[in-house]
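# Analysis of the macromolecular model
Listed here are the chains, written in short residue letters.
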Amino acid sequence: MNILKIGVLASGRGSNFQSIIDAIDGGRLRASIEILITDNPSAFAIERAKKHNIKYLFIDPKAFSTKDEFFEKIGNELKARGVDLVVLAGFMRIVRKPLIDVYRNKIMNIHPAILPSFPGLHGQRQALQYGAKIAGCTVHFVDEGMDTGPIIIQAAVPVFPDDTEDSLSERILKFEHKIYPEAIRLFSEERLEIEGRIVKVKGHPEFSSSIVNPPIEEP
Ligand code: GRF
C-alpha cells in the first residue's frame, strides 16, 4: 500500500497529535500527516503543526448555517488532499453524517475511558466519581453515536485511592500516546478487519481482541 495519508482534527492542546507526529518521525509509523484541521484558532495543536511544517486549516463552525454543512466542508478539504484516514485528536465536536458517510470506518477517535463505560465529556472524572478501580483509554472507529463505534485497542490503568482527576488523566494520557499510533499503524498495514462492531487484528493471534493490558504501575 502507498504511504497512508492522515488528516488530523483537533480542538486543543494536541498531545495525541504530537504522539502521532513522533511515531512517524521515529519510524514507528509509516504515514504522512497531510493536514491539521481545527475549529479553534487558538488551539495549541496549531503550534505543533507549525513546528513540524504540517499544513493546517482553521474552519470556523460559525461560518456555516448547519452542522452538517460544516462537516461537509471538512470532508471536502480532506478529500481534496487525498486523505485516507481521519484521526480525531481531542476534537470537541460530534462528527456528523456528511463526514462519516465519506469516511465510513476510516475515522478514528481516542477516548479517555474504557468504553462503553463513561462516554462523552470528562471520562476520567466520570470514572473517579463512579468509584471505578480500573480506568483507561479506547481507540475506536467513529460512527453516528457518541463514542459508540467499533473498538480497536484499549489500555487499562489502575485508579488509586488518592487520585485526582489530574493524576488519573496523566496516567491515562501516557497510554493514549501509545495506543493511538499503534492503532493507526495497524490500519496503515491493512490489518484491521471490521465484522459488525467487532474489530479483528490480522496477524495478531496472541491478542484475539487486541486488548492491551499494561503492567500495573507503582503509585
Ligand atoms: C484526550 O484525553 C483524548 O482522549 C480526548 O481529548 C483529550 C485530548 O488531549 N479525546 P490532546 O489535545 O490530544 O492533548
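All values reported here derive from a predicted model rather than from experimental measurement.

Turning next to helix α5 (residues 123–130). An α-helical turn contains 3.6 residues, so a residue and the one three or four places further along point in the same direction. Here α5 has its buried residues at G123, Q124 and A127. All buried residues of α5 lie within an arc of 100° about the axis, which places them on one face of the element. Structurally, α5 contributes buried residues whose contacts are with β5 (107–111), β6 (134–141) and α6 (165–188). G131 occupies a position one or two residues after α5 and carries a positive phi of about 85°.

Here V139 is to be found in strand β6. Its relative accessible area of 0% is what places V139 among the buried residues. Sequence-wise, V139 and N109 are 30 residues apart; in three dimensions their C-alpha atoms are separated by 5.7 Å. Not counting residues within four places of it along the chain, the set of residues in contact with V139 comprises M108, N109, I110, I151, I152, I153, I179, Y180 and A183.

With that settled, the discussion passes to helix α2 (residues 44–51). Three or more residues of α2 are buried, namely A45, I46, R48 and A49. For α2, the angular spread of buried residues about the axis comes to 160°, placing them on one side. Of the residues one or two after α2, N53 is the one with positive phi, at around 55°.

Moving on, we come to the domain arrangement of the protein chain. Taken as a whole, the protein chain is organised into domain 1 (1–104) and domain 2 (110–219). Distance between the C-alpha centres of domain 1 and domain 2: 20 Å. Listed per partner, the contact involves 22 residues of domain 1 and 16 residues of domain 2. Here domain 1 and domain 2 share an interface that buries about 1,600 Å² over both sides, 70% of which is from carbon and sulfur atoms. Linking domain 1 with domain 2 are one salt bridge, by the criterion used here. For R104, the salt bridge goes to E144, with nearest N and O atoms at 2.9 Å. Residue assignment for the side of domain 1 that touches domain 2 shows that the elements contributing at least two residues are β1 (4–10), α1 (15–25), β4 (85–88) and α4 (97–102). For the side of domain 1 that touches domain 2, the leading source of residues is α1, giving five residues.

Let's shift gears to the environment of S65. As for its placement among the helices and strands, S65 is situated in the loop between β3 (56–58) and α3 (67–80). Using a relative accessible area of 66% as the deciding quantity, one classes S65 as exposed.

Here the focus is the site of the ligand. Neighbouring residues of the ligand: R13, G14, S15, N16, G90, I110, H111, P112 and E176. Within the contact set of the ligand, an oxygen atom lies 2.5 Å away from a side-chain nitrogen or oxygen of R13. Within the contact set of the ligand, an oxygen atom lies 2.9 Å away from a backbone nitrogen or oxygen of N16. Out of a free accessible area of 370 Å², the ligand has 86% covered by protein chains. Contributing elements (two or more residues each) for the shell around the ligand: α1 and β5. For the shell around the ligand, a count of residues per class yields two nonpolar, five polar and two charged. Summarising the domain contributions, the shell around the ligand has at least three residues from each of domain 1 (1–104) and domain 2 (110–219).

One can describe the packing of α1 onto α6 by two numbers: an axis separation of 9 Å at closest approach and a directional angle of 50°. Between α1 and α6, the crossing angle belongs to the class labelled oblique. For the pair α1 and α6, the sense of crossing is right-handed. Across the interface between the two elements, S15, N16, S19, I20 and A23 from α1 touch L173, E176, H177, Y180, P181 and I184 from α6. Among the residues making up the contact of α1 with α6, the classes are represented as six nonpolar, four polar and one charged.

Conventions we followed
Residues numbered from 1 in each chain as written. Predicted model: local features only at pLDDT ≥ 70, side-chain atom pairs only at ≥ 80, totals over all residues. Heavy atoms only, no water. Buried < 20%, exposed > 50% of the residue type's maximum accessible area, 1.4 Å probe, protein only. Helix = DSSP H or I, 4+ residues; strand = E, 2+ residues; numbered from the N terminus. Arc of directions from axis to C-beta. Contact = heavy atoms within 4.5 Å. Domains from an automatic or database assignment. Buried area = accessible area lost by both parts, 1.4 Å probe. Salt bridge = Lys/Arg side-chain N within 4 Å of Asp/Glu carboxyl O. Near = heavy atom within 4 Å. Polar contact = N/O pair within 3.5 Å; in protein donor to acceptor, adjacent residues only side chain to side chain. Areas by Shrake-Rupley, 256 points an atom, 1.4 Å probe, with all protein chains shown as cover. Nonpolar A, V, L, I, M, F, W, Y, C, P; charged D, E, K, R; others polar. Axes fitted to C-alpha atoms, helices over the stretch in contact; angles between N-to-C directions. Parallel < 35°, antiparallel > 145°, perpendicular 65-115°, else oblique. Left-handed = near helix turned anticlockwise from the far one by under 90°.

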